[in-house]
Structures are given as C-alpha cells and as structure tokens.
Amino acid sequence: QVQLVESGGGLVQAGGSLSLSCAASGRTFSRYAMGWFRQAPGKEREFVAFISGSGDSTSYADSVKGRFTISRDNAKNSVYLQMNSLKPEDTAVYYCASHRDSGLYFRNRAMYPYWGQGTQVTVSS
C-alpha cells in the first residue's frame, strides 16, 4: 500500500519561507516521478512542481517559478518543496503526489494515483 505523508506547513508572513517534506512508502520510490499540487478554498487543485524519478528533471508552474524549489532524496524516500518569497496567493493546502510512472503529462493530476493528506500553508499579508 502506497502512503505519502506531508509535513512542514504552517503560517508565515509574506516574503517568508517554508519547507515542505513528503515521506513515501509502499513502492520503489526512485522509479516514479513526484509532484506537488495545491488547492486554495473554492478553487481546483493545481500543479505546482514536478521532479523526475532520478531528480534530474524538474518543472514548475509559472506562478512559483524562481521562488519554489522541488528536490528529492531517493535514499530517504522523500520529496521536498522549498518555498521562498511567499505571497498571500500561495495560501492553500499543499499535496504531494506519486506519478503513475516516469512523468508523462506531469501537470495533469489524473496521472497521479497516490496522494498525501495535504498540509496547510497560510501566508499573511
């Protein structure tokens, strides 16, 4: 059974930083791409960042490019999201997700069969 457990959310002032972690279990972690998504109240869940199984390839939503960094440690079965220069519009529940394979159509949440429970990030102005 695949399990993803996020941690690291919280309340921060605009301009501040937060680091999210996601610990995975139940499948060979390094074989699968990973993604971070977020969902704000009243909005659809949206793509934030992607990383390939090896960690060599990453991609970001335009809204977070240059401010967020995704990384992974395959030895620890974990993926991370470093968020800098946070803005109030970054407020959302953040989810990590495990892709069905190497990363095809990685911006599409339907390609991720496994999801964490989410962690709240709140950015105050």
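The structure presented is a predicted model; accordingly, all values stated were derived computationally and were not measured. (Residues numbered from 1 in each chain as written. Predicted model: local features only at pLDDT ≥ 70, side-chain atom pairs only at ≥ 80, totals over all residues. Heavy atoms only, no water.)

A. Up close: the environment of tyrosine 114. Within the secondary structure, tyrosine 114 sits in strand E10 (residues 114-115). Looking at tyrosine 114, the relative accessible area reads 32%, which means it is partly exposed. Taking C-alpha positions, tyrosine 114 is 28 Å from valine 12, a pair spaced 102 residues apart along the chain. Apart from residues lying up to four places away in sequence, tyrosine 114 is in contact with Val2, Leu4, Arg27, Cys96, Ala97 and Ser98. (Helix = DSSP H or I, 4+ residues; strand = E, 2+ residues; numbered from the N terminus. Buried < 20%, exposed > 50% of the residue type's maximum accessible area, 1.4 Å probe, protein only. Contact = heavy atoms within 4.5 Å.)

B. Spatial organisation of the sheet that holds strand E1 (residues 3-7). Taking strand neighbours across the sheet as the criterion, the four strands line up as E1-E3-E8-E7 in an open arrangement whose pairing is antiparallel. A strand with exactly one partner marks an edge of an open sheet, and here the two such strands are E1 and strand E7 (68-73). On average, each strand axis in the sheet is tilted by 15° relative to the strand beside it, whichever way the strands run. Pairing of strand E3 (residues 18-25) with strand E8 (residues 78-83) involves six bridges; the strand directions are antiparallel. When the bridges of E8 are listed, leucine 20 appears paired with leucine 81. (Pairing = 2+ DSSP bridges. Axes fitted to C-alpha atoms, helices over the stretch in contact; angles between N-to-C directions.)

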